[in-house]
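# Topology and contacts: notes
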Protein chains: 4
Amino acid sequence: MGKTYKPAKSDKFAFGLWTVMNRGADPFGAPTRKPLDPLEAIRRLGEMGVYGYEFHDNDIIPIGTPAAQRDKLIKRAKQIGDSVGIRATMATCNMFSHPVFKDGAFTSNSAKVRAYALQKAMNAIDVGAELGAKVFVFWGGREGTEVDSSKDPAVALKRYREAIDFLCEYVLDNGYDMKFAVEPKPNEPRGDIFLATAGSALAFTYTCAHPEMIGVNPEIEHIRMSGLNSYHEICQLLEAGKLFDIHLGAQKPLRYDQDIRFGAEDLKESFFVVKALEDYKWPGTRAFDAHPYRTENEAGVWDFVEGCMRSYLILREKVAAFNADPEIQGILAEINEGNRALEKLMSGYSRESAAELKARAFDPDALAKKQLRYEKLDQLTQELLLGVR
Amino acid sequence: MGKTYKPAKSDKFAFGLWTVMNRGADPFGAPTRKPLDPLEAIRRLGEMGVYGYEFHDNDIIPIGTPAAQRDKLIKRAKQIGDSVGIRATMATCNMFSHPVFKDGAFTSNSAKVRAYALQKAMNAIDVGAELGAKVFVFWGGREGTEVDSSKDPAVALKRYREAIDFLCEYVLDNGYDMKFAVEPKPNEPRGDIFLATAGSALAFTYTCAHPEMIGVNPEIEHIRMSGLNSYHEICQLLEAGKLFDIHLGAQKPLRYDQDIRFGAEDLKESFFVVKALEDYKWPGTRAFDAHPYRTENEAGVWDFVEGCMRSYLILREKVAAFNADPEIQGILAEINEGNRALEKLMSGYSRESAAELKARAFDPDALAKKQLRYEKLDQLTQELLLGVR
Amino acid sequence: MGKTYKPAKSDKFAFGLWTVMNRGADPFGAPTRKPLDPLEAIRRLGEMGVYGYEFHDNDIIPIGTPAAQRDKLIKRAKQIGDSVGIRATMATCNMFSHPVFKDGAFTSNSAKVRAYALQKAMNAIDVGAELGAKVFVFWGGREGTEVDSSKDPAVALKRYREAIDFLCEYVLDNGYDMKFAVEPKPNEPRGDIFLATAGSALAFTYTCAHPEMIGVNPEIEHIRMSGLNSYHEICQLLEAGKLFDIHLGAQKPLRYDQDIRFGAEDLKESFFVVKALEDYKWPGTRAFDAHPYRTENEAGVWDFVEGCMRSYLILREKVAAFNADPEIQGILAEINEGNRALEKLMSGYSRESAAELKARAFDPDALAKKQLRYEKLDQLTQELLLGVR
Amino acid sequence: MGKTYKPAKSDKFAFGLWTVMNRGADPFGAPTRKPLDPLEAIRRLGEMGVYGYEFHDNDIIPIGTPAAQRDKLIKRAKQIGDSVGIRATMATCNMFSHPVFKDGAFTSNSAKVRAYALQKAMNAIDVGAELGAKVFVFWGGREGTEVDSSKDPAVALKRYREAIDFLCEYVLDNGYDMKFAVEPKPNEPRGDIFLATAGSALAFTYTCAHPEMIGVNPEIEHIRMSGLNSYHEICQLLEAGKLFDIHLGAQKPLRYDQDIRFGAEDLKESFFVVKALEDYKWPGTRAFDAHPYRTENEAGVWDFVEGCMRSYLILREKVAAFNADPEIQGILAEINEGNRALEKLMSGYSRESAAELKARAFDPDALAKKQLRYEKLDQLTQELLLGVR
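Residues numbered from 1 in each chain as written. Chains lettered and ligands numbered in written order. Predicted model: local features only at pLDDT ≥ 70, side-chain atom pairs only at ≥ 80, totals over all residues. Heavy atoms only, no water.

## Notes on the sheet that holds strand 9 (residues 247-248) of chain B
Strands pair in a sheet through their backbones, by hydrogen bonds, and they do so in one of two ways: parallel or antiparallel. All names here are of chain B. Strand order across the open sheet formed by eight strands is 8-6-4-3-2-1-10-9, with parallel pairing between neighbours. Since the sheet does not close on itself, it has two edges, and those belong to strand 8 (214-216) and strand 9, each with one partner. Across three bridges, the pairing between strand 1 (residues 13-16) and strand 2 (residues 52-56) is parallel. For phenylalanine 15, the partnering residue across the bridge sits in strand 2 and is tyrosine 53. (Pairing = 2+ DSSP bridges. Helix = DSSP H or I, 4+ residues; strand = E, 2+ residues; numbered from the N terminus.)

Next comes the structure, spelled out in C-alpha cells:
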C-alpha cells in the first residue's frame, strides 16, 4: 500500500542497548547469537533512525573496568552517538546479574550488599549524567523472595525507600538534571518481586522524601504477566503525572517474561497504549524493552528493531483514523451523556449541593435501559485495526 | 488435641452479612439455599462469638424501602446487635447489583448515573454512621470496562476521585467518625476493573483531597486472582499506614472470584497474612469476605463461619510458635547480617557519607558466597505448619 | 472499503440459542435484558443468514413441560427453522442450572442424581434427534470439585465413562445419526472441572467403549482461561480426526469465563484458528458460543451476532491473503528445509535405517547457525492482519 | 515430636541428577554455585537414602565425548551406584540446551535437525539401557513456537509421532526393557509448547503405533503453570494406566517454571497427589524434579534434597491419618449415597434398562436439598494437615 513507516528522529524511539545485545540464552539453552559490542549497537541503532538508547552501567562498562578505560568508553559512546544522531535517554544500574545480588540489592538482608548496591547505583548515576540521560530507572529484579519467612516485606520497603531517598539527595547535591523511575514487575527472576505492579510502584513514590523526583517506568510485558490491562495501568500513571519512562514490548499473559517485539501480541491493547501516549501528547521517548526471538541469528536482530518501530507507526496511524472516524466518534458522543446541572452539583461539595443531590428523584430502572452500543463500538474498532474500514 | 479454637469477642472477628446471606447462585446455576434474613444473620453471628458485621446498604435496607421502614430496620439491627454483643464495623454501598450500574457508578459515562450513585452513597454513609460503622468501603465492582474504547481510564479516575472527594467532605461536614477504604479487584464482574490492585488503590488515595481519610481494604482472593502475593500486598499497605480494613478468604489463583473459606487454600500464604497482622498488632477487625460452597445447604453456612475463625486461630497459634522457634529464629538471625558503620552511612545522605560509601572497597565475589539457608528455613516453616515440629 | 461481509448459509455459521437468549445477569448483578423466546431466537438467527442453531434441551423445553407441549414446541421449532432456512446442528443437555446438579451430574456422589442425569440426557438426545442435530455435546460444567477430598477423580472418571458408554449404546440402539462431543473447561462454575482441557477430553474419548463416536467440542474461551494456545489445542483435535464441533468466541486469558464476541480479543490467535479450519477444509459448522456484553440492551444482541460473523469472514479473507502472499510464503519455503534422503530414513523404522542414521555425521554447531526469519515472518503476518500490506 | 522422617530405599525416592547439579543461573543472573560432578551427585544421593536417579544423556556424557570415555563414564556410574545402593531409574535425552535445537528437535522445520535429534535419542536410549533405566522420558521443551505461522501444529504432531514410533521400534528391535513417557509442559522455554498438558500428552500416546509402550510423565510444576489441578491431572493418568513416571516439585501457579522443593507450596494439593500415589499403590519411583533456590550455596543443595523427601514422608503419614480419621471417613460415607438398583441399571446398557430409567420418576427439587458437608470436610482435612487434630 505504499506506506513506508520509516522512523524519524522526531518519533523519539529508543531501545535498550541490552535488547539488541541479547544473545538468545534462556534457562534451558545456550546463546544462539554472537556478542554485539555496545558501541556498535549504538551506532547501528542511530543509523536506523532511533532517537535514543537506554543502558545499564554494565552494558557499556563491565564490572571491574579501570577508571581510565571507563572514561574512554563513555567518550566513545558520546562520539558515536553524536555521529549518528542518537543520545542516551535513560540509564540504569544492573543490580541483578552478579551473584552478590542473589537475594536482592537495596532489600538484601546483608548491610554490606545494600551498601555495595548503593555505591554501584551512585556510580551508575554518574555515568548516566555524563552521558546526558535525564531518567534513571530502578528495576529491582532481585528485590523479592521465594521464601516469605526470609524477609519482612515492610522492612524491605523501608530499606528500599532509604536507598531511593539517599540517591535523590545524591542527584540533587550533584546538580544532575535527572529523575527517577521505578520499574515494577510481579515475578521472575524472584518468586515474588516487591513493588509488583505499576500501582505499587506509584504508591511507593508518594511515600518517598522527594516524590516529585520519582515516577514509574511501566513495561507492557510485566503488566501482562499478571494478566492486568496495560492500557489501564499506564493511564493511571499518566493521569497522576508519574509516567517518567515507558517500556514497550509484547507478551502472552501469565507466562515467563517473554519480552517479544512490540506489536507481536494483542494488537488491541497495544493500540490503546499508543492512543494514550499520543492523545495525551506524552513527551517521553517511546522506548522498546524486548529482545529478538532466540531462534533469530545476528541478522534478525535488526528485523526485530525495525518491527518494533513499524508497529508503533502503524498503530499511531490507526489512532488518528480512530479519532477521525465519524461512526466511532458518533457512538462515543452518544455514550457520554452529560448533564450540566448535575455535573455542577457533583463537581465540588457544599452542604447545599449534597442536599440537592439527596433530594433529587432518580428512576434507576429507566436509566438502566439506555442502550450502550459497545458491541458495535468494539467491532468498529477491531475492523479499523484490521484495515477493513 | 484438645484445643477448642473457640472465638472470643476480643479476637475481633467480623463477617460481611452478605457472606452468610449468600444463596449459592452462580453464573450457571440457580440458588441452592433459602434466603436468610439479615437480622437473623446478625443474631446468629453474634451468638457464635463474632465481634462485628459488615454490610451493604441493601443487605439491610432494600432499594425503595420507605423511610419509616428504614428507620425501623436500623433500630432492629441495633437492638439485635446489642443483645448478642455484635456491632456494625464496616458499611458499604451496593453499586453493582442493579442494572442501572451496568457500566459503572462513579465512572459511568452517564452524569445521571454518577449522580444517582453519589446520592446512594450518601444515604449508605448515613446508615453506616447510624449503626456506628467506623469504616466505609468502596468496592467499585462495576467501575471498569470490557471495551477499552468506551471509557478513557484517565477520565474515569478523575470522576472516581471527584466522587470520593465529595463524600469525604460529606463525612466531615456531618461530623461522622468514619474513614474510607477502597477495595481493589482486577476483574469480574467487569473485564478489567479500575484500581485493579492494592497498589493502584493505595496510589489513588494519595491523589485525593483528603488522603488521611482514605485507605485500602485488600481482599486476599482479589490479590490471588492476579497471581500476586497477598502477604506482600498487605504489608505494603500496613507499612504505609493505609490498611483500613481487610477481607480474609481463600482462592486458587487466576480463576473467577472463588471467595472460599479462609484457610481453605494456600496455608503458607494465609499464615504470613496472619503473621503480618499479629506481629504489627494491627488494630482492625479480622473480617471475612467469602461464602459457603454452593454445594452446602443452609446448615453448612455455619460450618463455613466456624471454619474461617478456627483457621485464623490455628494460624495465629502457629505464628506464636514460629516466633518462638529457636531453630527458625536462629536462621533468621544468621541471615540478617547488620553492619552498624555502613547502616549509619546509608541512613541519611550527606556529601561525606556518599563520598565514604563510594570510596569503600567491596568484594562482590566474596559477598556472594554467603550461605543463605532458605531451603532449611522454608522446610522448617512448612513442618511447623504441618504440626510435626 | 466496500466489503459487505454478509453471511451466506454456505458459510455454515451457527449460534447457540442460549447466546442470544442470555439476559446479562452475572454473579454480582441482575439481568439487564428482557427474556427472548427461543422460537423468536431461531427465526431471527435464520433471517440473519445463520445456517444452524445449537440448543440445550431446556432452552426450548423447560424442565417439567408436559409431553404434548414438548411435541408442540419441537414442531414449532422445526416449522420456524424451515421457514427461515436454519436447522438444529447441535443439541446438548443442561446438567448445570438446576440445584440437583450442584455437585455434578454423571460424577455426582449420589446414585440417584447420576440416574436422573442419565434419564435427562436420554430425553435430550431424543429431542436432538427429532430436530435433526447430528452432534450431541457434553459440557460437564458441574463435574468437578472445590473440595478435593469430596471426590476421587479416578472414580469420577469411571462414572463419567459409564454414562457416556451407556448413552452411546442408546444412540446406536435407537438408530440415531448422532455423534458425541465432550466440551472441556478448566474451572467455573466449579473450582476445578474434570476433563479440564482439550487434551484431557480427547484422551478420555479413547478410553470409552465407542471411541469412534466421541470427539471433542473445544471452546476458544475455555482454552484461553488456562492461558493455553487455542490454535495449538484445536489443531491437535483436527489432526486426531476428533474435532466434532467447535465453539468460537473471545476471552482475555486467565479470567472468569468472559464469553465475548468472536474476534473481540487476540486477533492473531483467532486468525490462526480460522486458518486451521479453512486450510484443512474442516466440514463442521462455525458455531459461536459467547454472549453480548451485559451493558447491551435487547437491540445490541443482534450487533453481537453480526459482529461474530463479520469477524470470521474478515479473518477468512485474511487467511486467503496470507496463503497468497509471496513474501510470507517465501519465508515459509525457506524455513522448511527438507532432505529427501533423511526423511526417507526417518519415515519408518528398519534396523538398517537406524544404523544408517546412527552412523551419519552431523555438525550441530553449523546447523544451529541457520537464520530463521521469524521476526520478519511474524511482522508480515501482523501487518497483513492490520491491513497495511 | 521425635519423628525422624528418614528416607529408606524402600520409599523409592529418585532425583534427577540435573536437580542437584543445577548451578543457580537464571535468565537474569550468573550461576551462584560451583559445578557438581555427576558421579559425585550419584554417590551423594545414594548415601542419603535415595533409591534411584534420573539423568539426561549429557548430564553424564557431554556432547562430543569419545566412545571410550563414554564407556568409562557409564562403568563408573554403575560402580558408584552399586556402592551406595542407587540405580538409574529414568533416562532422557537433552534436546534443548544446544542451539541446534533452537526451533525444536523432532518438530524442527529442518529435516537435518530432526534426523540429528533421532540419532541423539537412539544413543541416549542405548545409554539408558546400559544403565538399566526402565523408563525413557521425552520432554520436548523446544517443540513449540513463539510465531504461530512458523509451524503448522498438525504437521508438527505428525513429525513428533513419526519420531516416537521410530524409537519404539528401535527399543523393541534391541530388546530393551524400556517404556516411554512424554512429559508435558505448557510454555517456557517456548512461548507455547506442543503437548502442553497431561491430557494432550495422554491423548497423543493413543495415536502412536505402540500405545502400550508410551505413557506420560507429569510434573506438578508444569501443571500448576497453567493453573490446573495437579491431583486431577495425575489421577486421569493413573486411571488410564498411563502414569509411567512422575516429577514432584512445587510452584506458585502461573509463573515461570519455578521448580522448587516438593512441599514448599500448596500443601493441600501436594497431599492429594501423595494420596493418589499411595492409595492406588502406584509402583513407580517418587521422583523429584526441582532445584535448590538460587540463593543457596553448595551446602544448601542437600537441604533441598532432604526437604523434598521429608515433605513426602510427612504427607504420606498424613494420608494414613486421613484414611483412618473416623469423622472424615464418616462424612465421606454419608456423601457417597449409593443405590444398588439404580447402579445396576446404569452399569451396562440394555433396551430394558434404558426404558426403566426413562420411566423412573425423580424429584430433582427434593434431591437438591441433600446436605453435602464439604465445608466441614475440607476444614477437617486442613486441620489434619495443620496437625491440630
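The discussion continues.
## Let's talk about the domain arrangement of chain A
Residue and element names in this part refer to chain A. Taken domain by domain, chain A comprises domain 1 (9-324) and domain 2 (326-385). Put simply, the middle of domain 1 and the middle of domain 2, counted by C-alpha atoms, are 39 Å apart. It is Lys268, Lys318 and Phe322 that lose the most area in domain 1 upon contact with domain 2, and together they represent 66% of the buried surface on that side. Summed over the shared surface of domain 1 and domain 2, the result is one salt bridge. Measuring nitrogen to oxygen at the nearest pair gives 2.7 Å for the salt bridge that ties lysine 268 to aspartate 378. (Domains from an automatic or database assignment. Buried area = accessible area lost by both parts, 1.4 Å probe. Salt bridge = Lys/Arg side-chain N within 4 Å of Asp/Glu carboxyl O.)

## Topic: the interface of chain B and chain A
Opposite the 96 residues of chain B that make contact, chain A presents 96 residues. When chain B packs against chain A, the two sides together hide about 8,300 Å² of surface, and 61% of this comes from carbon and sulfur. Of all residues in chain B, the largest losses of buried area upon contact with chain A belong to Glu239(B), Met346(B) and Tyr349(B), amounting jointly to 9% of the total for that side. Summed over the shared surface of chain B and chain A, the result is ten salt bridges. On the surface where chain B and chain A come into contact, there are 46 residue pairs in polar contact (both at pLDDT 80 or more). (Contact = heavy atoms within 4.5 Å. Polar contact = N/O pair within 3.5 Å; in protein donor to acceptor, adjacent residues only side chain to side chain.)

## Overview of helix 7 (residues 198-206) of chain C
Since the α-helix turns once every 3.6 residues, residues separated by three or four places project in the same direction. With respect to burial, helix 7 of chain C is a largely interior element, eight of its nine residues being buried. For helix 7 of chain C, the full list of buried residues reads Ala198(C), Gly199(C), Ser200(C), Ala201(C), Leu202(C), Ala203(C), Phe204(C) and Thr205(C). (Buried < 20%, exposed > 50% of the residue type's maximum accessible area, 1.4 Å probe, protein only.)

## Details of the sheet that holds strand 3 (residues 87-92) of chain D
All names here are of chain D. Strand order across the open sheet formed by eight strands is 8-6-4-3-2-1-10-9, with parallel pairing between neighbours. Each end of this open sheet is capped by a strand with a single partner; those strands are strand 8 (214-216) and strand 9 (247-248). Along the sheet face, helix 7 (residues 198-206) touches strand 6 (179-182) and strand 8 and points at about 175° away from the line of strand 8. (Axes fitted to C-alpha atoms, helices over the stretch in contact; angles between N-to-C directions.)

## Here's the deal with helix 16 (residues 374-385) of chain D
All names here are of chain D. Taking 1.5 Å per residue as the helical rise, helix 16 with its twelve residues ought to reach 16 Å, and the 16 Å between its terminal C-alpha atoms agrees with that figure. Here helix 16 lies mainly inside the structure; eleven of its twelve residues are buried. Taken as a whole, helix 16 has its buried residues at Tyr374, Glu375, Leu377, Asp378, Gln379, Leu380, Thr381, Gln382, Glu383, Leu384 and Leu385. Backbone geometry just after helix 16 places glycine 387 at a positive phi near 75°. (Expected span 1.5 Å × (residues − 1).)

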